[in-house]
Amino acid sequence: MGRQKGEAARSKARPSSSSLAASLLPSGATAVGFGGYVGTSRLDTSVPTTQDAASPFWDIDGELAQHLKRLSRKDPTTKLKALTILSTLLKQKSAKEVSPIIPQWAFEYKKLLLDYNREVRRASHDTMANLVSAVGRDLAPHLKSLMGPWWFSQFDAVNEVSQAAKRSFQAAFPAQDKRLDALMLCTDEVFMYLEENLKLTPQSLSDKAVALDELQEMHQQSYRECFLWALQNAKRYCDGVESINHFRRTIVDEVLLKLLWHDYLMVPSFVSNDRTVTGQLKSISASEVSIQPSEENMKKLDSKYPIGHVREFGKCITEILSGIFSLEPNLLSAFCLTFVENCLDAFQQTDNVESCENIEKIIGFLLLVDLHAVRKGDSWPLSYLVGPMLSKSFQLIQTIDSSNAVKFMVVVVFTFGPRKVVQEIVREQNEPICQSEEKNTDLSLKHFLQYFKEIIVPWCLQIGSCSTLARLDLLLALLDDECFSEQWDSVILHATVTYDSNNALILARLMEKTREEIIKRTVAGNLNHVQGAIPKHWHHELLDSTALLIARSLPPFGSSNAQFICAALGGIMEEDKICLVSEETSILIFEEIFQKLQAFMGNSNFIWVRDANALLNAEEHVAVQGCGSSTSVLEMATFALEVLNGSLFRLKTLTKSSGLLPGVLAALFVIDWEHRTSAVFYDGLDNEAYAKVMDRFSFCKYVHAFRCKMDDNFFRTLSLDCRRTLGSTLVQAVRCALFNEDKLDVDQVTSLGCFYVLDVLDSLCQGEVEEQTLLDELLKNGDSWPLWIMPDINGGQTSVTLEIEITSSKFYLQASVSHRMAAFVDKLISKLGIARIIAGSVLCKPSSTEEPAEEVMTSDSHYSRAWLAAEMLCTWKWQGGSALSSFLPSLIQYTRNQDSFPSDNLLDSVVEILLDGALVQGASSQMSLSIIYPPPYDELENVEQVFVRALVLVLDTLFKDSIWGRDKALGLFNLLVDRLFVGETINSNCLKILPLVMSVLIGPLSSQAGELANAKPESSEGNQIHDIIEGWLQRTLSFPPLNTWYSGEDMEDWFQLVLSCYPLRATKEMQQFRPQRCISHVEQGLLLELLRKQRLGSATSTTVNKLPLVQMLLSKLAVVVVGYCWIEFSQEDWEFILYKSRWYIESVVVLMEEVAESVNGSTSGIVENLQHTVSALDSSCLKLARNALIAFSMFCGFIGQQIVEKENDLNPLRPDKWDLIKDRILEGILRLFFSTGAAEAIAGSYSSMASSVIASSRFDDCYFWELVALSVIESSSHARERAIKSFEIWGLSKDAVSSLYAILFSSKPVPYLQYAAYVILSSEPVADSAFFTEDTSSSLDEDDKDPLDLSLGANKTQLREEISIFLEKSPFEILELDLVSPERVHVFLAWSLLISRVLSSPSSSPTREKLIQLVQHTSSSSILDCIFQHVPLELCSTSVKKKGCELPAGMLEVAAAATRAITDNSVVYAVESLWPLGPDSVACFAGAIYGLMLRTLPAYVRGWFNDIRDRATSSAIESFTRTWCSPPLITNELSQIKKANLSDENFSVSVSKSANEVVATYTKDETGMDLVIRLPASYSLRPVDVDCTRSLGISEVKQRKWLLSMMSFVRDQNGALAEAIRIWKSNFDKEFDGVEECPICYSVIHTANHSLPRLACRTCKHKFHSACLYKWFSTSHKSNCPLCQSPF
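What you see is a predicted model; the values in this text were computed from it and never measured. (Residues numbered from 1 in each chain as written. Predicted model: local features only at pLDDT ≥ 70, side-chain atom pairs only at ≥ 80, totals over all residues. Heavy atoms only, no water.)

**Some remarks on the overall build of the protein**
Note the cut-off: Runs of E in the DSSP output that reach at least two residues are strands. Runs of H or I that reach at least four are helices, and both are numbered from the N terminus. By definition in these notes, contact holds between two residues if any of their heavy atoms fall within 4.5 Å. Note on areas: Shrake-Rupley with a 1.4 Å probe; residue coverage comes only from the protein chains shown.
Each helix and strand counted, the protein has 73 helices and 17 strands in total. Look at the contacts in the protein between residues 6 or more apart in sequence, and 72% of them connect residues 24 or more apart. For the protein, the accessible area works out to roughly 73800 Å², and carbon and sulfur atoms hold 50% of it.

Below, the structure is given as structure tokens:
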């Protein structure tokens, strides 16, 4: 009952009863009574206590003791109930029963008097009254311990409580004199109690942290009332006036000064941390009294003296002083004297930490005096406390130059007002101004102003003083409202009388303090009636003129000049609206700042910065004089930046000069951009070049940092006109950089320009409309750009003007700018996208009446820039991109992502612009695209007319990517047909461009020939197209044969038009060509008639028209007619076609052979000669040959089909009729192939750069060389042999094999050519000479060797140099190569050729043996390590059991390649798909090589595998091999053994595919032996197991020898098991025939080279294998016979 919710009954950790009292005793105490506990240290020993008195309740009445215990509870209800019951019991008990509880009651009583609940305190006094009434005189022993709290409680803040305390005291001492005697008896105890309680805080007085305001008020009021009561009742204790005065002075001295004031001064500083005082200081300058207390004092303040307590402490002293003044003013003299002494001591100390803390304590006390005395109307603070101090200390303050003392003066002025303070200062001084004044009268305004001007102003504005800031605070504090203007005038007049750097510093500090003063006065109230509350009150003409003078000054600048200007202007933050100069002066100042920035820009090393500066000079500002040197310019710019850094937001508020803000901001942008430009330009240059501009670069860097502080909110708050003006200026600056800057390359300047534009858009544009407007400004017409299409934007509509006829001089001048702008736009698109740059998309918001929907980007016709897209397409190429590679793919991707309408509208506009330009510009009659559909992009490079080229590219891309369909194609077709004739006159320009456009349109307009069976009947539009094309054919037939044509007629245009209507489509890998269109029989007949007309015309003409155009038209016509009409050909037609084809091909062969001969005969300057030779090649010959190759390829395909529609004798395509001419043409193609390779090989012998010239020349017509490669691949061995012999007769320094290797390992490869070279090198008749030189190949037979020459080294078996550099490459060099590097691929190609040759060679041929020895002795097995770099071994775990599902796609392809290589016995398929090189294709090639090596060189691979030391790696490789390679290998081995037919009368072989076993049985006469060969699951990484299951008539020794021999053959054989078994069987036959075995290997036939023992020892006559003997000599390091040890 009475316990608060959740409160525990009594903690075990809390001592109770006597244990509580004992715990509070000092250590070593021997006796104590409960009533003797006072505070925390005072003990009363009047009642002795022994150790036997362990419990305080041992002799107390049990009922009283019970309720005394309840007084320790925290709940006030419990306490009140206990006190009520105690009061009742005390009235009933006798003195003897009550007396024992006094000690315990005294302890609880003192605690109860400090309880926060006033009812508890009142009830305690009531109980006390009942107790003293009950005990009577028995209270005397305990009186001293009770007197302190008892008497002190009579001054309780609550009247009811104080009255109850007085009643209890009167109950003990009814007579007044008795009460006085008791008080005098206990005076020391009372003061001791008072001192101890003064050190307590309100929180420590109570166990409850509640009602603190009431506790504080009670705490302080008790002190105050106690003290004042003692002074007021002094006459009760003293007799006579002197005695009373002495008593009062003693109390003041002992309590107020030595106790209260002394303790107050000892409290750590609190002014900066006290919220109440800090709030009061807001009306004073922030620096006037802000002194940070030390860290040590802060800790004391936090732990011992809470801030509120210290404030209340000062308040208590202040109220005591007010009470003393009301009682007896003279009693203040002692305190005032002490206060003065404390102040003077603090003033005279240096400005150290202790002095600052003392001043701060005094300042804090003054503020409290102001709050609790001055503002209540008390006069004593000035008259008795501060006034005398001022009169005595002001001169000292002037002398000692102490900032602390001046800060004190500031607070005094704040507290009492300027005029009163000055009056007190001059009161005791013999100043003339005061001679006629009475002492107690107010100082006149005139004298106040005089003193202020003559004394205060000069003193406060002194230069070089450490207390300058504090003096300025004092100066501004002394400004009186009544004479504010006169005072401020005197201040400005004195501050600006002279101008130097020191004056600038004072002015700067004064302006800064003035700004603080304005803020302070603004807080004071009504701005219109408080002088100095608004900036206008502080304006002054002298201040304006001085600020402008400093702004216009020239270097050198004072350190405080910019500081003064910033302080006068204001605007360091958005909220800072205070400006101390007029708006007109502000504008003039910022104009000066602008001019200084312009001077800096005009001194730039970059042209574009100077041009941008010229843009800013449009208003013809007066140039800055006296700033010629770069140093002066830099100093002025630095000064300007410092001013802007402190006053930028003031510049935003100047509305009278609309161009000033955007001009300054534009200058800052440009200088910031110069910083980035310089960083790019000087990167990589020498330090000397950078050192010259280091200072300028540093300033630009500062500007960049300053600009970074301008956040989005800054630009967002700019007006629309300001942003427009600024944006326009900045985009013009970007154009200057793009058009004019010559110090940077194209990539650098375009990248920077893109960055600058993004900077402008991000900073200034608020919405897409503003962005598009700014982009229009950026991309508008200029003197140098656009080059082809001029836009005219008027009223939101854009019209274009086409520049068709551009002179060569104009093109030369503007081409570089055009390409630069195209590169810039391309990069801008990569950052912002086609939608924003080309389509002009803006954000479309749903209407308010509709439901909320997502905002979408939509193309706005006002901002659509189809003209820009057309300009980019016409420009075609630029650095870093092109219309084909970068711009057009972006445009197509945008189109795919958009709805049909906006994208179609944009594309329609682009095509319309290009078509109009093409129709006006026309095209060259000699220009046409390939007849192959779709036309190769590289042919567009040759189109000189920019509009035509761009149009064809766009149309081809749109139709190829299915963006547009047949409807669009039909619309364009009809449009061009309509424009082809103007009345009866032919539109020549339309006729010239029509063939190029038709080569693109013909595809979507027609169906393929292969679809004829499923084609629907032609529509009316389709019939119309056929009719139109037939009409064109008829018109072309009306012309004479081409052989009779000469230039000047338009028949070539009609020929080109007709040919463009009959394209061919290449099938996959261009192995066949098929018609793209499905044509009618009428068209077929007309085409065939056109061809025969040319054939007959050539036959009847005596001369051949060799004009390139005529021959080109003939060649294209031949290809078209072959493709569409070959079934109707006669033998004469084929003869004409093949004759022309051979002629065209032979012409190119002659050209290529001339190039090879020119290289072969060069001695010096080969690179230059080659470049000249290659550039002089006639491209028309290549084009003619290309058409010839297409026609010949189709002819070969038709022969292969062997279509017989007539009798065999009459079939024009009967193969035997054309074999000779076909081989002759193929021979010419092969010669062409060898010639280009030989030229590269010969050039490579000089330098890699020379070979690169030849290789690069093939890129000019890759399509031609791909056709050559396809014909080479399909060529017969007979044609190859004839071509090689012809090439050898030619007698160049490089043979045919070298030419093939040059192509295969070319530095600039053409994939089809490389594949063709690989095919020729790996097949007959080249394969025999592909590895060894001729002299080495001629001596491959072992019998021809010198018996004493046992070496198989490189000196006899020499590889060709072209392949040896890859086969003998360092292992570490191979492994460090990039996975897709050409060098690594070349190594793979060399190995695949080697393995393929080993595989294709007969098993016992010398070539095969040589190659195997080469692999074993000279080549490194690191090729296998290199192969497995492409195989992710971590995926090849031993848990892989199934194919097709466990491995990822990439790994599965590698595994499949290895399996296929084993099955197909070839890697040709992997070589064919190797190019273009990529991780997947190279990995598959590596897997195929590994599979073929396992089949061809099993022992070699097994040796590498056994050398692997990493168990995880070997396990993964074995798992991969067992899963993907071993099954087909085992199947193949068993099949070969079964097919080998090894059995005879002595030998038989049986195969068990289910057990993977081979049983070999050898019987001879009476002997026999069965050997079982078991293939392991991971064959051929693991060796086969050989076991003898039966033997007959064979000794154990011989049996073991034969078993080991079989094991050696099958394990060491780099070949098939069938071959190993055959050799082993031959070995047995030789041994039974009497041939002696080799004593080293115990075999007749050598296991590796299959030779017999032939080298005999001259002493013992035993014969050895040469290889065994060589190995024996090498390992033993001596040349003795292994048996007899005699010299061999």
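Okay, back to it.
**What to know about the packing of aromatic side chains**
To describe a pair of aromatic rings, you give the distance between the ring centres and the angle between the ring planes. Rule in force here: When the centres of two rings from Phe, Tyr and Trp lie within 6.5 Å, Trp using its six-membered ring, the rings pair. Their planes under 30 degrees apart give stacked, over 60 give edge-to-face, and anything left gives tilted. Residue burial is assigned from relative accessible area. The probe radius is 1.4 Å, only protein chains are included, and a residue is buried under 20% of its type maximum, exposed over 50%, and partly exposed in between. Here, a charge over a ring is recorded when the distance from Lys NZ or Arg CZ to the ring centre is within 6 Å and its angle to the ring normal is within 35 degrees.
Across all of its chains, the model carries 50 aromatic pairs by this definition. Residues F1233 and F1234 carry aromatic rings whose centres are separated by 6.1 Å and whose planes lie at 50° to one another, so their mutual orientation is tilted. By the burial criterion, F1233 is buried, and F1234 matches it. Through pairs of rings, three or more aromatic residues link up here, namely W608, F649, F669, W673, F714, F715, F755 and Y756. A cation sits over an aromatic face here: K652 above F714, 4.6 Å from the ring centre. The ring centre of Y1469 lies 4.0 Å from the NZ or CZ of R1460, which sits over that ring.

**Side note on the environment of G840**
Here G840 is to be found in the loop between helix 39 (834-837) and strand 3 (841-844). For G840, a relative accessible area of 0% puts it in the buried group. Taking the C-alpha atoms as reference points, G840 and H862, separated by 22 residues in sequence, lie 7.8 Å from one another.

**Details of the packing of helix 45 (residues 988-1005) against helix 47 (residues 1051-1060)**
Applicable threshold: For helices, the axis comes from a line fit to the C-alpha atoms of the stretch in contact; other axes are also lines fit to C-alpha atoms, and the angle between any two N-to-C directions lies between 0 and 180 degrees. Here the word oblique covers every angle except those under 35 degrees (roughly parallel), over 145 (roughly antiparallel) and from 65 to 115 (roughly perpendicular). Just so you know the grouping, Ala, Val, Leu, Ile, Met, Phe, Trp, Tyr, Cys and Pro go in nonpolar, Asp, Glu, Lys and Arg go in charged, and all remaining residues, Gly too, go in polar.
Where helix 45 meets helix 47, the axes come as close as 8 Å, and the angle between the chain directions of the two elements is 5°. Here helix 45 lies roughly parallel to helix 47, going by the angle between them. Taking contact as the criterion, the partners of L991, K992, L994, P995, M998, S999 and I1002 in helix 45 are, on helix 47, D1053, W1054, Q1056, L1057 and S1060. For the contact of helix 45 with helix 47, a count of residues per class yields seven nonpolar, three polar and two charged.

**Remarks on the sheet that holds strand 10 (residues 1064-1066)**
Strands belonging to one sheet form pairs held by backbone hydrogen bonds; the direction of such a pair is parallel or antiparallel. Quick reminder of the rule: Two strands form a pair only when DSSP identifies at least two bridges running between them.
Within the open sheet, the three strands sit side by side as 7-10-11. Their pairing is mixed. Both edges of this open sheet fall to strand 7 (932-933) and strand 11 (1073-1075), since each of them pairs with a single strand only. One ladder, built from three bridges, connects strand 10 with strand 11; its direction is antiparallel. Across the sheet, the residue bridging to L1064 is P1075, located in strand 11.

**What to know about the sheet that holds strand 13 (residues 1557-1564)**
Pairing in this open sheet of four strands is antiparallel, and the strands run 12-13-14-15 from one edge to the other. Where the open sheet ends on each side, the last strands, each with one partner, are strand 12 (1547-1552) and strand 15 (1585-1592). Looking at each pair of strands side by side, their axes are set apart by 15° on average, direction ignored. Bridging between strand 13 and strand 14 (residues 1567-1574) involves eight bridges; their strand directions are antiparallel. In the sheet register, E1557 faces strand 14, and the bridge partner there is R1574.

**Brief notes about the nonpolar core**
The condition is simple: We define the nonpolar core as a collection of buried residues of types Ala, Val, Leu, Ile, Met, Phe, Trp, Tyr and Cys that are connected through side-chain atoms lying within 4.5 Å of one another.
In this structure, W1032 and Y1490 are the most contacted members of the largest nonpolar core, which totals 479 residues. Ranked by size, the runner-up nonpolar core spans 42 residues in total, among them A65, L68, W105 and Y109.

**Digging into the pairing of strand 12**
Judged from the six bridges that link them, strand 12 and strand 13 form a sheet pairing that is antiparallel. When the sheet's bridge partners are listed, V1551 is paired in strand 13 with V1558. Following strand 12, the chain reverses through four residues before pairing antiparallel with strand 13; N1556 in that reversal takes a positive phi of roughly 55°.

**Focus: the state of the cysteines**
Simply put, the disulfide is a covalent bond whose two ends are the sulfur atoms of two cysteines. To keep it simple, the criterion reads: Put simply, a disulfide is two cysteine sulfurs that come within 2.5 Å.
In this structure the tally under the stated criterion is zero disulfides. Between C1684, a cysteine without a disulfide, and C1657, which holds the nearest cysteine sulfur, the sulfur-to-sulfur distance is 3.6 Å.

**Section: the packing of helix 27 (residues 561-569) against helix 30 (residues 630-652)**
To keep it simple, the criterion reads: Crossing handedness follows the turn of the near helix against the far one: under a right angle anticlockwise gives a left-handed crossing, and clockwise gives a right-handed one.
Taken N-terminus to C-terminus, the directions of helix 27 and helix 30 make an angle of 15°; their axes are 9 Å apart at the nearest point. As judged from the angle between their axes, helix 27 and helix 30 are roughly parallel. Relative to helix 30, the crossing made by helix 27 is right-handed. Of the residues in helix 30, those in contact with N561, A562, I565, C566 and L569 of helix 27 are F639, E642, V643, G646, S647 and R650.

**Describing helix 71 (residues 1596-1612)**
Within an α-helix, residues lying three or four positions from one another point in the same direction, as the helix has 3.6 residues per turn. Applied cut-off: How far a helix is expected to stretch is found by multiplying one less than its residue total by 1.5 Å.
Compared with an ideal rise of 1.5 Å per residue, which puts 17 residues at 24 Å, helix 71 spans 24 Å between its outermost C-alpha atoms and is within 8% of the ideal. Taken residue by residue, helix 71 has K1601, W1602, L1603, S1605, M1606, M1607, F1609 and V1610 as its buried positions. Of the surrounding elements, those touching the buried residues of helix 71 are strand 14, strand 15 and helix 72 (1617-1632).

**Regarding unusual backbone geometry**
For the bond from W1475 to P1476, the omega torsion is -5°, close enough to zero to count as cis. For P1476, the location among the structural elements is in the loop between helix 66 (1468-1472) and helix 67 (1479-1496). Here the bond from Y1579 into S1580 is cis, since omega is 10°, no more than 30 degrees from zero. Positionally, S1580 belongs in the loop between strand 14 and strand 15. Within the chain, N1465 stands out as a residue other than glycine whose phi angle is a positive 60°. With respect to the secondary-structure elements, N1465 resides in the loop between helix 65 (1449-1464) and helix 66. One non-glycine residue, N1556, lies in positive phi territory at about 55°. As for its position among the elements, N1556 is in the loop between strand 12 and strand 13. By relative accessible area, which is 22% here, N1556 ends up partly exposed.

**So, the confidence of the model for the protein**
Low-pLDDT portions of the prediction should not be read for the details of their coordinates. For the record, the criterion: Confidence of the predictor at the level of single residues is given by pLDDT, which spans 0 to 100.
For the protein, per-residue confidence averages 80 on the pLDDT scale, and residues scoring 70 or more make up 82% of the total. Counted against residues more than four places away or in other chains, residues 270-279, with its pLDDT under 50, gives 30 contacts. Of the regions scoring below 50 in pLDDT, residues 1438-1445 engages in ten contacts with residues more than four places distant in sequence or in other chains.

**A closer look at helix 17 (residues 332-348)**
Taking 1.5 Å as the rise per residue, helix 17 with 17 residues should run 24 Å; its terminal C-alpha atoms sit 24 Å apart, in good agreement. Those residues of helix 17 that sit buried are L332, F335, C336, F339, V340, N342, C343, L344, A346 and F347.

**What about the environment of S1322?**
Applied cut-off: Think of a polar contact as two N or O atoms within 3.5 Å of one another; within protein, one of them needs to be a possible hydrogen donor and the other a possible acceptor, and neighboring residues in sequence only count if both atoms come from side chains.
Tracing the backbone through its elements, the reader meets S1322 in the loop between helix 58 (1311-1321) and helix 59 (1334-1337). Between the C-alpha atoms of S1322 and L1393, which are 71 residues apart in sequence, the distance is 6.2 Å. Setting aside residues up to four positions removed in sequence, S1322 forms contacts with A1327 and L1393. Polar contacts involving the side chain of S1322 include one to the main-chain carbonyl oxygen of Y1318, which spans 2.8 Å.

**Structural notes on the side chain of S1180**
In this fold, S1180 is placed in helix 52 (residues 1179-1201). There is a polar contact of 2.6 Å between the side chain of S1180 and the side chain of D1178. The contacts of S1180, once residues within four sequence positions are left out, are P1108 and M1112.

**Remarks on the environment of N942**
Note that N942 resides in the loop between strand 7 and helix 43 (946-960). Taking C-alpha positions, N942 is 9.3 Å from L929, a pair spaced 13 residues apart along the chain.

**Let's talk about the pattern of salt bridges**
Stated formally: Definition used for salt bridges: Asp or Glu carboxyl oxygen within 4 Å of a side-chain nitrogen of Lys or Arg.
Scanning the entire structure with this criterion turns up 47 salt bridges. Between E517 and K520 there is a salt bridge, with its nearest N and O atoms 2.7 Å apart. With E517 and K520 both in helix 25 (residues 501-524) and three residues apart, this pair spans about one turn of that helix. For R1092, the salt bridge identified is with D1133, shortest N-O distance 2.8 Å. Of the two residues, R1092 is situated in helix 48 (residues 1081-1100) and D1133 in helix 50 (residues 1131-1160); the sequence distance between them amounts to 41 residues. For R1092, a relative accessible area of 27% gives the class partly exposed.

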